[in-house]
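Analysis of the macromolecular model
These are the residues of each chain, in order.
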Amino acid sequence: MALTFTFDPVVDPALRDGLVDLWTDASNAGGAIGFVPPVTREDIRPELVRHLVAMAEGRNRLVVGRDANGRVGAAAFLAFNTHRLQLHWIWVYTVMVHPDLQGQGAGRALMEAVADAARTLDGIDAIRLSCRGGHGLEHFYAACGYKEVGRVPDAIRVAPGEDRDDITMLLPLL
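From a predicted model like this one, the values you see are computed outputs, not experimental measurements. (Residues numbered from 1 in each chain as written. Predicted model: local features only at pLDDT ≥ 70, side-chain atom pairs only at ≥ 80, totals over all residues. Heavy atoms only, no water.)

1. Here we look at the packing of aromatic side chains
Going through the model one piece at a time under the given rule, you end up with five aromatic pairs. Taking 6.0 Å as the distance between ring centres and 75 degrees as the angle between the ring planes, the aromatic pair formed by Trp23 and Phe35 counts as edge-to-face. Here Trp23, found in helix 1 (residues 13-28), pairs with Phe35, found in the loop between helix 1 and helix 2 (41-56); they are 12 residues apart in sequence, far enough to count as distant. Assigned by exposure class, Trp23 and Phe35 land together as buried. Pairing Tyr141 with Tyr146 gives two aromatic rings, centres 5.9 Å apart and planes at 70 degrees, and the pair type is edge-to-face. Pair check on accessibility: Tyr141 and Tyr146 agree, each one buried. (Phe/Tyr/Trp six-rings, centres within 6.5 Å; stacked < 30°, edge-to-face > 60°. Helix = DSSP H or I, 4+ residues; strand = E, 2+ residues; numbered from the N terminus. Buried < 20%, exposed > 50% of the residue type's maximum accessible area, 1.4 Å probe, protein only.)

Here it is as structure tokens:
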């Protein structure tokens, strides 16, 4: 199922609820997006509010993909750097694709939409992201053109005695 992507969509209750549903469903399917399953919508909502506040303050931007019925099927947040020596690149984080759409090209389409959005931003030369090891995510991002530029072993603790690498990836836009 094809998604239509929007950069900086209007945040209304339907989008907000769609993002909560997406984040909850993706997390409960094992997605490495800041939570360890099981999670509820109430667990996700405060974190989404923090993301939306950052958007309202101009620190973050959003790329969202919707299906033909308007359902949110994919999303990613872009975050600007505040350090004056790092203003030339942005972070992409909380990259989510609904479990029903995984394996159908929706993730790759989302990452293409993210790169297209970043190219519209003045002075941005690259996109950087961090992903959790143990899921093979670095292979997916590499297939999208990102290169691994750093790894911190066992930096992410998903449970006592269960640590994952924190992998940094970079996509030059030039």
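Still to come is the rest of the account.
2. Structural notes on the pairing of strand 3 (residues 72-80)
Judged by how many residues are buried, strand 3 sits mostly within the fold: eight of nine residues are covered. Connecting the antiparallel pair strand 2 (residues 60-66) and strand 3 is a turn made up of five residues, with Gly70 showing a positive phi of about 90 degrees. Judged from the six bridges that link them, strand 3 and strand 4 (residues 89-97) form a sheet pairing that is antiparallel. Bridge assignment links Phe77 to a residue of strand 4, and that residue is Tyr93. (Pairing = 2+ DSSP bridges.)

3. Quick word on the layout of surface pockets
Taken as a whole, the largest pocket holds about 780 Å³ of empty space. In terms of lining, the largest pocket is formed by 35 residues, of which the most central are Ala32, Ile33, Val95, Leu137 and Tyr141. Elements supplying a minimum of two residues to the lining of the largest pocket: helix 1, helix 2, strand 4, helix 3 (106-119), strand 5 (126-132) and helix 4 (137-143). Sort the elements by how many residues they give to the lining of the largest pocket and strand 4 lands first, with seven residues. Of the residues assigned to the lining of the largest pocket, the class counts are 20 nonpolar, 12 polar and three charged. (1 Å grid on protein atoms, 1.4 Å probe; cavity = no way out; pocket = protein on both sides within 12 Å on 5 of 7 lines; lining within 4 Å. Points joined across faces, edges and corners; volume = space filled by probe spheres on them. Nonpolar A, V, L, I, M, F, W, Y, C, P; charged D, E, K, R; others polar.)

4. With respect to the nonpolar core
Counting residues in each nonpolar core, the largest one holds 30 residues, and the members touching the most others are Val92, Val114, Ile127 and Tyr146. Secondary structure elements with two or more residues in this core: strand 3, strand 4, helix 3, strand 5 and strand 7 (162-172). No other element matches the eight residues that helix 3 contributes to this core. With sequence-adjacent residues up to four places away left out, Ile127 is seen in contact with Ile90, Val92, Val114, Ala115, Ala118, Tyr146, Met169, Leu170, Leu171 and Leu173. One finds Val20, Val39, Leu52 and Met96 within the second-largest nonpolar core, a separate group that totals 19 residues. (Core = buried A, V, L, I, M, F, W, Y, C linked by side-chain atoms within 4.5 Å. Contact = heavy atoms within 4.5 Å.)

5. With respect to unusual backbone geometry
With omega at 5 degrees, the peptide bond leading from Pro37 into Pro38 counts as cis. Structurally, Pro38 can be placed in the loop between helix 1 and helix 2. You will see that Thr94, though not glycine, has its phi angle at about 50 degrees, which is positive. Counting through the fold element by element, Thr94 comes out in strand 4. Residue Thr94 is classed as buried on the basis of its relative accessible area, which comes to 12%.

6. Section: the environment of Gln86
Within the element layout of this structure, Gln86 appears in the loop between strand 3 and strand 4. When its relative accessible area of 31% is taken as the criterion, Gln86 is described as partly exposed. Residues Gln86 and Asp122, 36 residues apart in the sequence, show an inter-C-alpha distance of 13 Å.

Distances and angles like these do not, on their own, reveal function.
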